[in-house]
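Survey of secondary and tertiary structure
For reference, the chains in residue letters:
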Amino acid sequence: MNSSHLSWCLSNISPQPMLPESYYAGMCVASSGEKQFYFLVSKGWLIYLVTAVLIPAVASLVVLYWSLNKWGKHPIARSLVHYALPQSGWRAVASSVNTEFRRIDKFASGAPGARVIVTDTWVMKVTTYNVHIAQQQDIHLTLTESRQHELCPDLNTPVQFLTIRVSSINPNVKPFDIRLNSTEYGELREKLHTTVRNAHNVVIHQSLSDMFLDTFKIQVELNQRYHLSGNQELEPCIGCMQIAANIKLIKVCREPNEGECQQCYCRPMWCLTCMGKWFASRQDQQHPETWLSNRVPCPTCRSKFCILDICIVC
Ligand SMILES: [Zn+2]
Ligand SMILES: [Zn+2]
Ligand SMILES: [Zn+2]
């Protein structure tokens, strides 16, 4: 995204337009004498030569224009400048994008020609010739379309693709569409700070683990709460480090000495989502219908607990 990247890209693409001229020169050398003269002026070859010279010339001029003002005229730089503070310029925005792009917790999906990337601050769509970029804090997301593909060679189930329109309240940022598989929708929602408006009430086919996570959360919400004593403080969840830990395991399903569940003495260390993921990961993946009724070990002390023993800290 910085000027060294840009010049690297250009150095890779610029030699190719010179191929037609070389071909023309080669053909001139190959033909001889009078024949060579007719070859040189024949209409088709003149058009060929003009085109072969014009295209690289125009391309070079465009690149020259982009490079003005230290690449400030490049389309990517011009789209970034809408987010720049007056004193910092587009380079500061580019470096923020670069830093977040390098993080492993970004959401990335789609084929190389239409990649969707969501970081903590940015929503991006990278196509072969274009980069669309919008800042999370000023966008509205609308689920506009869903398409079902019945035949997918790898899977037996139909695949659903969702189209989400990203519109920014910033008038300089044109709206753009992102497409993704419905099974990635849960992961995308986790990364977004805003909700996706489902304008046409599209039924989303979530992945099995996302569906489980929704049921798990509803179930845990019904359980009894754990009241934090005054001097205790909640640390960040050790699973995601994103939000405060808010789950305490207390054996409440049976009397203390009855049943398979055991009392866990760990302090709250996990958030509800991470605990749900852990709960699902320790189950028989072939039989999701048994997941809610099974017992799993505490991720830290290994004492067994069931869904009734998961208490939200308040
Ligand atoms: Zn967590
Ligand atoms: Zn424990
Ligand atoms: Zn239990």
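Our structure is the block above this text.
So, here's what we can say about the structure.

About the criteria used
Residues numbered from 1 in each chain as written. Chains lettered and ligands numbered in written order. Predicted model: local features only at pLDDT ≥ 70, side-chain atom pairs only at ≥ 80, totals over all residues. Heavy atoms only, no water. Helix = DSSP H or I, 4+ residues; strand = E, 2+ residues; numbered from the N terminus. Contact = heavy atoms within 4.5 Å. Areas by Shrake-Rupley, 256 points an atom, 1.4 Å probe, with all protein chains shown as cover. Donors = N, O, S within 2.8 Å, 3.2 Å for Na, K, Ca; no water. Tetrahedral: all angles 85-135°; square planar, octahedral: opposite > 155°, others 65-115°. Buried < 20%, exposed > 50% of the residue type's maximum accessible area, 1.4 Å probe, protein only. Pairing = 2+ DSSP bridges. Axes fitted to C-alpha atoms, helices over the stretch in contact; angles between N-to-C directions. 1 Å grid on protein atoms, 1.4 Å probe; cavity = no way out; pocket = protein on both sides within 12 Å on 5 of 7 lines; lining within 4 Å. Points joined across faces, edges and corners; volume = space filled by probe spheres on them. Nonpolar A, V, L, I, M, F, W, Y, C, P; charged D, E, K, R; others polar. Phe/Tyr/Trp six-rings, centres within 6.5 Å; stacked < 30°, edge-to-face > 60°.

**Here we look at the overall build of the protein chain**
- Secondary structure assignment for the protein chain yields nine helices and twelve strands.
- Within the protein chain, contacts between residues separated by at least 24 positions form 54% of all contacts whose residues are at least 6 apart in sequence.
- Counting every atom, the protein chain has about 19,200 Å² of accessible surface; 58% of that belongs to carbon and sulfur.

**Re the coordination of the zinc ion (ligand 3)**
- Those donors, Cys253 (SG), Cys261 (SG), Cys306 (SG) and Asp309 (OD), are the protein atoms that reach the zinc ion (ligand 3), and they lie 2.0 to 2.3 Å from it.
- Coordination geometry of the zinc ion (ligand 3): the four donor atoms subtend angles of 100 to 124° at the metal centre, consistent with an arrangement described as tetrahedral.
- Each donor residue of the zinc ion (ligand 3) lies on the same chain, and together they follow the pattern C-x7-C-x44-C-x2-D. In this pair, cysteine 253 is assigned in the loop between strand 9 (247-249) and helix 9 (272-281) and cysteine 306 in the loop between strand 11 (304-305) and strand 12 (310-312), connecting sequence segments 53 residues apart.
- Given a relative accessible area of 24%, cysteine 253 falls into the partly exposed group.

**Looking at the coordination of the zinc ion (ligand 1)**
- For the zinc ion (ligand 1), the protein coordination sphere consists of Cys237 (SG), Cys240 (SG), Cys271 (SG) and Cys274 (SG), at 2.2 to 2.4 Å.
- Taken together, the four donor atoms surrounding the zinc ion (ligand 1) define angles of 104 to 116° at the centre, an arrangement classified as tetrahedral.
- Counting residues between consecutive donors of the zinc ion (ligand 1) along the chain gives the motif C-x2-C-x30-C-x2-C. Here cysteine 237, found in the loop between helix 8 (208-222) and strand 9, pairs with cysteine 274, found in helix 9; they are 37 residues apart in sequence, far enough to count as distant. Judged on exposure class, the residue cysteine 237 and its partner cysteine 274 are both buried.

**Section: the sheet that holds strand 4 (residues 131-135)**
- The four strands lie next to each other as 1-2-3-4, forming an open sheet whose pairing is antiparallel. What marks the edges here is a single partner per strand, and that holds for strand 1 (107-109) and strand 4. Strand-to-strand twist across the sheet, computed as the mean angle between neighbouring axes with direction ignored, equals 10°.
- With five bridges connecting them, strand 3 (residues 122-127) and strand 4 associate as antiparallel partners. Along strand 4, the bridge assignment pairs lysine 125 with histidine 132.
- The sheet strands contacting helix 6 (residues 90-102) are strand 2 (114-118), strand 3 and strand 4, and the helix crosses strand 3 at an angle near 85°.

**Re helix 9**
- A large share of helix 9 lies buried, amounting to eight of its ten residues.
- What helix 9 keeps buried is the set Leu272, Thr273, Cys274, Met275, Gly276, Trp278, Phe279 and Ala280.

**Description of unusual backbone geometry**
- Backbone geometry places asparagine 69, a non-glycine residue, at a positive phi of 55°.
- For asparagine 201, which is not a glycine, the phi torsion comes out positive at approximately 50°.
- Tracing the chain through its elements places asparagine 201 in the loop between strand 8 (196-198) and helix 8.

**A closer look at empty space enclosed by the protein**
- Going through the model one piece at a time under the given rule, you end up with one cavity of 30 Å³ or more.
- Roughly 70 Å³ of internal volume is contained in the largest cavity.
- Looking at which element gives the most residues to the lining of the largest cavity, the answer is strand 9, with three residues.
- Broken down by class, the residue content of the lining of the largest cavity amounts to ten nonpolar, one polar and two charged.

**Section: the packing of aromatic side chains**
- Summed over all chains, the structure comprises six aromatic pairs.
- Measuring from centroid to centroid gives 5.1 Å for tyrosine 83 and tryptophan 122, while their planes differ by 80°, and the two rings are edge-to-face. You can see tyrosine 83 sitting in the loop between helix 5 (75-80) and helix 6 and its partner tryptophan 122 sitting in strand 3, a full 39 residues away along the chain.
- For tyrosine 83, a relative accessible area of 12% puts it in the buried group.

**So, the environment of alanine 77**
- When you line up the elements, alanine 77 lands in helix 5.
- Taking the C-alpha atoms as reference, alanine 77 lies 6.1 Å from tryptophan 90; in sequence the two are 13 residues apart.
- With residues up to four places along the chain from it excluded, the contact list for alanine 77 reads Trp71, Gly72 and Trp90.

**Things to note about the sheet that holds strand 8**
- The strand order 7-6-5-8 describes an open sheet built from four strands, whose pairing is mixed. Each having just a single partner strand, strand 7 (176-181) and strand 8 make up the two edges of the open sheet. Averaged over neighbouring strand pairs, the angle between their axes works out to 35° when direction is ignored.
- Where strand 5 (residues 139-149) meets strand 6 (residues 159-168), ten bridges bridge the pair, whose relative direction is antiparallel. Bridge pairing links arginine 147 to phenylalanine 161 in strand 6.

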